[in-house]
Amino acid sequence: ASLEPRRNLIRLLAVSGRPKEAIAQIQTGLKYNPDNADLWFQSGLFYEEAGQIAQARNSFETAIALDPRWPLPKESLVWLLVLQPQMNAVDARQGLGLVNEALNLYGTEVPLRVRELQACALAANGKFPEAIETATKTREAFLQAKDQRGVARIEAQLAAYQSGRRWLPAQR
C-alpha cells in the first residue's frame with residue numbers, strides 16, 4: 001500500500017500543532033514499513049518537537065542506519081548531540097563526525113545550515129578558532145544571500161565562540 005495518504009495526514013497533524021498524533025501515525029506506518037528511513041526521520045523530528053530527546057535520537061540513528069547516504073538525519077542528530085545544554089564529550093565527538101559525513105555527502109553544494117552546524121560542532125569540541133573561521137565564512141555567505149535571520153543567528157554564534165563558549169539556540 002502507498003504511504004502517501006499517511007504522509008499527508010502526518011503533515012496535516014504537524015502543521016496543526018499536533019505532534020503526538022503525528023507520532024502515533026508514524027508509529028503505525030513503521031509497523032508496516034520498519035525499513036523506511038523517511039518515517040524514522042520524521043518520527044525523530046516529531047519526538048524532538050515533543051521534547052522526547054532519547055526517542056528522537058533513536059529515530060535519527062535508525063534512519064541513518066537504514067540510509068547512510070542521506071544527510072538530513074545526520075544533520076538532525078548533530079543538532080541533538082551538540083546543541084543540548086546537557087551535551088557531553090562523547091556526544092560532541094559523535095556530532096562532529098556526523099557533520100563531517102554530511103559535508104562529504106553534499107560535496108560542493110553544501111547548504112549554509114550545514115556550515116553553520118559545522119561551526120556549532122567545532123565549538124562543542126572546544127575548537128573555537130576553527131568554529132570562528134567557519135562561522136565567519138558562513139556569515140559572509142548569509143550576507144551574500146541577503147538572509148538577515150541567518151546573519152543575526154551566525155553573529156550570535158560568533159560572539160559566543162569569540163568568548164570561548166559554545167552557542168545554544170533558544171529553539172531550533
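Residues numbered from 1 in each chain as written. Predicted model: local features only at pLDDT ≥ 70, side-chain atom pairs only at ≥ 80, totals over all residues. Heavy atoms only, no water.

K.L.:
Summarise the overall build of the chain; cite the residues concerned and give the values.
P.N.:
When you go through the chain residue by residue, the secondary structure sums to nine helices and zero strands. Against the compact-globule benchmark of 16 Å for 172 residues, the chain has a radius of gyration of 17 Å, which places it among compact chains. A principal-axis box enclosing the C-alpha atoms of the chain has dimensions of 50 × 35 × 30 Å. In the chain, which comprises 172 residues, the proportion classed as buried is 42%. Charged side chains in the chain number 21 positive and 18 negative. The centres of these two groups are separated by 2 Å. (Helix = DSSP H or I, 4+ residues; strand = E, 2+ residues; numbered from the N terminus. Rg over C-alpha atoms; globule rule 2.2 N^0.38 Å. Buried < 20%, exposed > 50% of the residue type's maximum accessible area, 1.4 Å probe, protein only. Lys, Arg positive; Asp, Glu negative; His and termini not counted. Charge placed at Lys NZ, Arg CZ, Asp CG, Glu CD.)

K.L.:
Residues and numbers for the nonpolar core, please.
P.N.:
Judged by nonpolar contacts, the single largest core of 48 residues is most densely connected at Leu77, Val82, Leu83, Val99, Tyr161 and Trp167. The biggest single contributor to this core is helix 7 (residues 112-124), with eight residues. If we skip the residues at most four places from it in the chain, Leu83 touches Val78, Leu117, Cys120, Arg166, Trp167, Leu168 and Pro169. (Core = buried A, V, L, I, M, F, W, Y, C linked by side-chain atoms within 4.5 Å. Contact = heavy atoms within 4.5 Å.)

K.L.:
Now, about helix 7: what can you tell me, with residues and values included?
P.N.:
Between the first and last C-alpha of helix 7 there are 18 Å, a value that for 13 residues agrees with the 18 Å anticipated at 1.5 Å per step. With ten of 13 residues buried, helix 7 lies mostly within the body of the structure. Among the residues making up helix 7, those that are buried are Val114, Glu116, Leu117, Gln118, Ala119, Cys120, Ala121, Leu122, Ala123 and Ala124. Tucked inside the fold, the buried residues of helix 7 contact helix 5 (71-82), helix 6 (89-106), helix 8 (128-144) and helix 9 (148-162). Directly after helix 7, the chain includes Gly126, whose backbone phi takes a positive value near 75 degrees. (Expected span 1.5 Å × (residues − 1).)

K.L.:
Go over a nonpolar patch on the surface, please, and point to the residues and values.
P.N.:
Nonpolar side chains collect at one region of the surface, where Leu9, Leu12 and Val15 lie side by side and expose about 290 Å² of accessible area between them. Assignment of secondary structure puts Leu9 in helix 1 (residues 4-15). A relative accessible area of 34% means that Leu9 is categorised as partly exposed. (Patch = residues over 30% accessible without salt bridge, like charges linked within 9 Å, V, L, I, M, F, W, Y side chains within 5 Å. Areas by Shrake-Rupley, 256 points an atom, 1.4 Å probe, with all protein chains shown as cover. Salt bridge = Lys/Arg side-chain N within 4 Å of Asp/Glu carboxyl O.)

K.L.:
Give me the packing of aromatic side chains: which residues, what numbers.
P.N.:
Tallying each qualifying case throughout the model produces two aromatic pairs. When the ring of Phe41 is compared with that of Trp70, the centres are 5.0 Å apart and the planes differ by 65 degrees; the resulting orientation is edge-to-face. With Phe41 in helix 3 (residues 37-49) and Trp70 in the loop between helix 4 (53-66) and helix 5, this residue pair connects regions lying 29 residues apart in the sequence. Take Phe41: its relative accessible area is 6%, and that puts it in the buried class. Of the aromatic side chains, those joined through ring pairs into one cluster are Phe41, Phe60 and Trp70. (Phe/Tyr/Trp six-rings, centres within 6.5 Å; stacked < 30°, edge-to-face > 60°.)

K.L.:
Got a sec to walk through the packing of helix 5 against helix 6? Specific residues and values, please.
P.N.:
Packed helix pairs are specified by the crossing angle of their axes together with the interaxial distance, meaning the distance between the axes. The geometry of helix 5 relative to helix 6 is characterised by a closest axis approach of 9 Å and an angle of 155 degrees between their N-to-C directions. Compared by their axis directions, helix 5 and helix 6 come out roughly antiparallel. Helix 5 and helix 6 meet at a crossing whose hand is left-handed. Of helix 6, the residues touching helix 5 (which contributes Pro71, Leu72, Lys74, Glu75, Leu77, Val78, Leu81 and Val82) are Asp91, Ala92, Gln94, Gly95, Leu98, Val99, Glu101, Ala102, Leu105 and Tyr106. Looking at the contact of helix 5 with helix 6 residue by residue, the classes come out as twelve nonpolar, two polar and four charged. (Axes fitted to C-alpha atoms, helices over the stretch in contact; angles between N-to-C directions. Parallel < 35°, antiparallel > 145°, perpendicular 65-115°, else oblique. Left-handed = near helix turned anticlockwise from the far one by under 90°. Nonpolar A, V, L, I, M, F, W, Y, C, P; charged D, E, K, R; others polar.)

K.L.:
I'd love a proper account of the packing of helix 4 against helix 5, names of residues and values included.
P.N.:
Put simply, helix 4 and helix 5 touch, their axes get as near as 9 Å, and they point 150 degrees apart. Considering their axes alone, helix 4 and helix 5 lie roughly antiparallel with respect to each other. Crossing hand, helix 4 versus helix 5: left-handed. For the pair helix 4 and helix 5, the contacting residues are Ile53, Ala56, Arg57, Phe60, Glu61, Ala63 and Ile64 in the first and Pro73, Lys74, Ser76, Leu77, Leu80 and Leu81 in the second. A breakdown of the residues in the contact of helix 4 with helix 5 according to their chemical character gives nine nonpolar, one polar and three charged.

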